[in-house]
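Fold and contact review
Residue strings, one per chain:
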Amino acid sequence: MALQDYIKKRQFNKTPEPKGELDNNNAYRFVIQRHQASHLHYDLRLEMEGVLKSWAVPKGPSMNPSDKRLAIMTEDHPVKYLTFHGVIPKGNYGAGVMDIWDEGTYQVLEDEDPVKQLKNGDLKIEFYGKKIKGAFALVKMKRDIEKNQWLLIKKKDPFSTDLHYDAEIFASKKKSS
Ligand code: MN
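This write-up is about the structure you can find in this document.

The rules behind these values
What you see as residue numbers is a count from 1 along each chain, following the sequence as written. For this predicted model, a pLDDT threshold of at least 70 governs which residues receive local features, and a threshold of 80 or more governs which side-chain atom pairs are given and counted, while totals over whole chains, interfaces and linings are taken from all residues. Note that the side-chain values use all heavy atoms of the structure and ignore hydrogens as well as water. Because no water is among the atoms considered, metal sites can look incomplete, with donors defined as N, O and S atoms within 2.8 Å of the metal, or 3.2 Å for Na, K and Ca. We call a residue buried when its accessible area falls under 20% of the maximum for its residue type, exposed when it is over 50%, and partly exposed in between, using a 1.4 Å probe and counting protein chains only. Under the DSSP-based scheme used, a helix requires at least four consecutive residues in state H or I and a strand at least two consecutive residues in state E, with every element numbered from the N terminus. Within 3.5 Å is the distance limit for a polar contact, defined as a pair of N or O atoms, with the added protein rule that one can donate a hydrogen and the other accept it, and that residues adjacent in sequence qualify only through two side-chain atoms. Contacts were defined at the residue level, with two residues in contact if any of their heavy atoms lie within 4.5 Å. Throughout this description, the term salt bridge denotes a Lys or Arg side-chain nitrogen within 4 Å of a carboxyl oxygen of Asp or Glu.

This brings us to the coordination of the manganese ion. Bound to the manganese ion on the protein side are His35 (ND1), His41 (NE2) and Asp43 (OD), at distances that span 2.2 to 2.3 Å. Here the donor residues of the manganese ion are spaced in sequence according to H-x5-H-x1-D. Comparing histidine 35 with histidine 41 shows no difference in burial state: the two are buried.

Another aspect to go through is the side chain of arginine 45. Turning to its location among the elements, arginine 45 is positioned in strand 2 (residues 40-48). Among the polar contacts made by the side chain of arginine 45, one reaches the side chain of serine 54 at a distance of 3.0 Å. In contact with arginine 45, not counting residues within four places along its chain, are Arg29, Phe30, Val31, Gln33, Leu52, Lys53, Ser54, His77, Tyr81 and Met98.

Turning next to the pattern of salt bridges. Opposite charge on two side chains permits pairing when their charged atoms draw close. Following the criterion strictly, the structure yields 15 salt bridges and no others. With its nearest N and O atoms 3.5 Å apart, the salt bridge here joins glutamate 21 to lysine 80. Linking glutamate 21 in the loop between helix 1 (4-8) and strand 1 (29-36) with lysine 80 in the loop between strand 4 (68-77) and strand 5 (86-88), this pair joins segments that are 59 residues apart in sequence. Judged by its relative accessible area of 56%, lysine 80 is exposed. Between glutamate 49 and lysine 119 there is a salt bridge; the shortest N-O distance is 3.9 Å. With a gap of 70 residues between them, glutamate 49 in the loop between strand 2 and strand 3 (51-57) and lysine 119 in helix 2 (residues 114-119) connect regions that are remote in the sequence. Of the residues examined, glutamate 49 reaches a relative accessible area of 29% and is grouped as partly exposed.

Structure representation (structure tokens):
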């Protein structure tokens, strides 16, 4: 737990990313960052337990319930990462441009405790973002070989769509400052 892995992977005199500090506000904030690293992916981060629980979503989130988006759990990030965007310089872990694609707050459904749902590998989340809204499931895959692999799935609700959904269409392509 905590931020040892985050700290271990980074040299803070060489990257503009925030230092690895705990923040126990646990204000149920989330961010989704578009991360143009060696492979484009989206990073979903949920604030809980003093950190941001993080998943890399190669195809980005979808508002279409028929899409099951692979979400690979990655190391916990510090809460300050909620507002991070910019360029991680070449030679650093995750080098490339990071933009904030969506942000807001979330709640978990059926249970007041997101940490418990996380441990059970079955998060039922309500998102209050600008692009990502309404009910989602974030479910851990069962096979041992897939231990970091989860699926992010939109639930059918007034916010969901039956149309093809591509997160890239909603990404601003302007360069990060
Ligand atoms: Mn990333």
